[in-house]
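Examination of the molecular architecture
Here are the chains, one letter per residue:
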Amino acid sequence: MAVFKDIIGQEQIKNHLHNALSTGKISHAYIINGERFSGKEFIAKTFAMALQCESEGREPCQECHSCRQALSDNQPDIIRVTHEKPGSIGVDDIRSQINGDIAIKPYSSRYKIYIMNEAEKMTVQAQNALLKTLEEPPAYAVILLLTTNVNSLLQTILSRCVVLNMKPVSDELVKNFLMTQMQVPDYKAEVCVAFARGNIGKAKLLAVSEDFEKVKEEALSLLKYVHEMDITEMIAAIKNISEYKLDVGDYLDILSIWYRDVLLFKATSDANSLVFKEEIGNIRKVAGRTSYEGIESVLHALSRAKSRLEANVNFELTMELLLLEIKENG
């Protein structure tokens, strides 16, 4: 299935694309900007299907020849731009897959559509090569750039594209989706919602991830015994998570949400609004022994550690600083 009504939230983007389809005022280039797993690919695929659909409506009919081809990723005029190097999209990728191909008219459809995921990985030279095409595109060309970081794109690229920013989906919509569409029990849905922070794709992944449950248990175990462990034991415990498919950012999110629960319980003494309700015994104990300033200090340290790891600062050094902060103030 790939229809606009299956997109959870993102009303602003849906309205924009519906209006473009209704009026026929299609831009030659769009940037869809949002977190990993937030649904950018689904939106791009749905829009591309609708543009090529033989019924020419606001929704892809999913039954015509073009839609059936698109559903099986076999539509010759919907082209996915790939890259060989995992870390970057180079100038040769742009020249061979877009610039050298775009002059050839569509094979069977009204448009020739290029979908590039991870557009933030384009080198400056690659972006400059793409700019030549964006400056004088053929009338039938539509380029969809999907990115997690719109700021990594040159201003000259941004000025020639319609930029569509993904918004966080409300917790209520995410929880409702997990419970009704995926039959996730409410207590588990609440934990997934807290972690996903408005990212529907991440919520879906967490809901079906066995690794998430294991990482959650290991993180909570570390918090229980952190004051009895030395640094080498703590770093060894954190290194264990490399066995799982989740990244260390998810692990730090678990710790952050647990400490937010501690802060909330310290302020309200109300267990009902906690994410980790089953941890109430430990949360009560930590809230009783820790000051507000100490909890805030740990939350700041967790946020700093996440930023450092995203900037590729040394893993062991970052975790050592974080764990010392938790041991001292948590």
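This report concerns the structure included in the present document. It should be emphasised that the depicted structure is a prediction, and the values quoted were computed from it without experimental measurement. (Residues numbered from 1 in each chain as written. Predicted model: local features only at pLDDT ≥ 70, side-chain atom pairs only at ≥ 80, totals over all residues. Heavy atoms only, no water.)

Focus on the overall build of the protein chain
- Counting secondary structure elements, the protein chain contains 15 helices and five strands.
- Along the three orthogonal principal directions, the C-alpha set of the protein chain runs to about 70 × 40 × 30 Å.
- Counting across all 330 residues of the protein chain, residues that qualify as buried make up 48%.
- Considering only contacts in the protein chain between residues 6 or more positions apart, those separated by 24 or more positions represent 72%.
- The protein chain carries 38 positive and 45 negative side-chain charges, and their two centres are separated by 3 Å. (Helix = DSSP H or I, 4+ residues; strand = E, 2+ residues; numbered from the N terminus. Buried < 20%, exposed > 50% of the residue type's maximum accessible area, 1.4 Å probe, protein only. Contact = heavy atoms within 4.5 Å. Lys, Arg positive; Asp, Glu negative; His and termini not counted. Charge placed at Lys NZ, Arg CZ, Asp CG, Glu CD.)

Overview of the packing of aromatic side chains
- The full count for this structure, using the stated rule, is three aromatic pairs.
- Ring geometry for tyrosine 30 versus phenylalanine 47: centroids 5.3 Å apart, planes at 80 degrees, classification edge-to-face. In this pair, tyrosine 30 is assigned in strand E1 (residues 29-33) and phenylalanine 47 in helix H2 (residues 40-52), connecting sequence segments 17 residues apart. Summarising the burial analysis for this pair, tyrosine 30 and phenylalanine 47 share the class buried. (Phe/Tyr/Trp six-rings, centres within 6.5 Å; stacked < 30°, edge-to-face > 60°.)

Quick look at helix H5 (residues 124-135)
- Given a rise of 1.5 Å per residue, twelve residues ought to cover 16 Å, and the 16 Å separating the end C-alpha atoms of H5 matches this to within 8%.
- Considering only its buried residues, H5 is in contact with E1, helix H4 (91-99), strand E4 (141-147) and helix H6 (155-158). (Expected span 1.5 Å × (residues − 1).)

Re the nonpolar core
- Membership of the largest hydrophobic core comes to 55 residues, with the highest contact counts inside it found for Leu178, Trp258, Tyr259 and Phe276.
- Here the element with the most residues in this core is helix H12 (residues 248-268); it accounts for eleven residues.
- For tryptophan 258, the residues in contact, after removing those within four places along its chain, are Leu220, Leu223, Phe276, Glu279, Asn282, Ile283 and Val286. (Core = buried A, V, L, I, M, F, W, Y, C linked by side-chain atoms within 4.5 Å.)

Focus: the pairing of E4
- Counting buried positions along E4 yields seven of seven residues, so the element is predominantly enclosed.
- The pairing of E1 with E4 spans five bridges and is parallel. By the bridge assignment, isoleucine 31 is partnered in E4 with leucine 145.
- Each parallel crossover has a hand, and the one from strand E3 (residues 112-116) via H5 to E4 is right-handed. (Pairing = 2+ DSSP bridges. Right-handed = clockwise from strand over helix to strand, strands pointing away.)

Description of helix H8 (residues 186-196)
- Buried within H8 are the following residues: Ala189, Val191, Cys192, Val193, Phe195 and Ala196.
- Buried residues along H8 sit in contact with helix H7 (171-181), helix H9 (200-208), helix H10 (210-225) and H12.
- Arginine 197 occupies a position one or two residues after H8 and carries a positive phi of about 50 degrees.

Some points on the packing of H4 against H5
- Running from amino to carboxyl end, H4 crosses H5 at an angle of 25 degrees, the nearest separation of the two axes being 8 Å. One element, H4, and the other, H5, form an angle in the roughly parallel class. Judged by the sense of rotation from one axis to the other, the crossing of H4 with H5 is right-handed. Counting all contacts with H4, which are made through Val91, Ile94, Ile98 and Asn99, the residues of H5 involved are Gln125, Ala126, Ala129, Leu130 and Thr133. (Axes fitted to C-alpha atoms, helices over the stretch in contact; angles between N-to-C directions. Parallel < 35°, antiparallel > 145°, perpendicular 65-115°, else oblique. Left-handed = near helix turned anticlockwise from the far one by under 90°.)

Here's the deal with the sheet that holds strand E2 (residues 78-81)
- Across the sheet, five strands lie side by side as E2-E3-E4-E1-E5; this open sheet has parallel pairing. The open sheet has two edge strands with one neighbour each: E2 and strand E5 (162-165). Pairwise comparison of adjacent strand axes, ignoring direction, gives a mean angle of 20 degrees for this sheet.
- The sheet contacts of helix H1 (residues 11-23) involve E1 and E5, and relative to E5 the element is tilted by about 145 degrees.

Considerations on unusual backbone geometry
- Despite not being glycine, glutamine 10 has its phi angle at roughly 55 degrees, a positive value.
- Structurally, glutamine 10 can be placed in the segment before H1.
- You can call glutamine 10 buried: its relative accessible area is 9%.

Points about the side chain of serine 66
- Within the secondary structure, serine 66 sits in helix H3 (residues 65-71).
- Of the polar contacts made by the side chain of serine 66, one reaches the side chain of glutamine 75; its length is 2.9 Å.
- Sequence-distant contacts of serine 66, that is, excluding residues within four places in its chain, are made with Gln52, Cys53, Glu54, Gln75 and Ser109. (Polar contact = N/O pair within 3.5 Å; in protein donor to acceptor, adjacent residues only side chain to side chain.)

Regarding the state of the cysteines
- Considering all chains together, one arrives at zero disulfides under this definition.
- Looking at the unpaired cysteine 61, the closest cysteine sulfur is the one in cysteine 53, lying at 3.6 Å. (Disulfide = S-S within 2.5 Å.)

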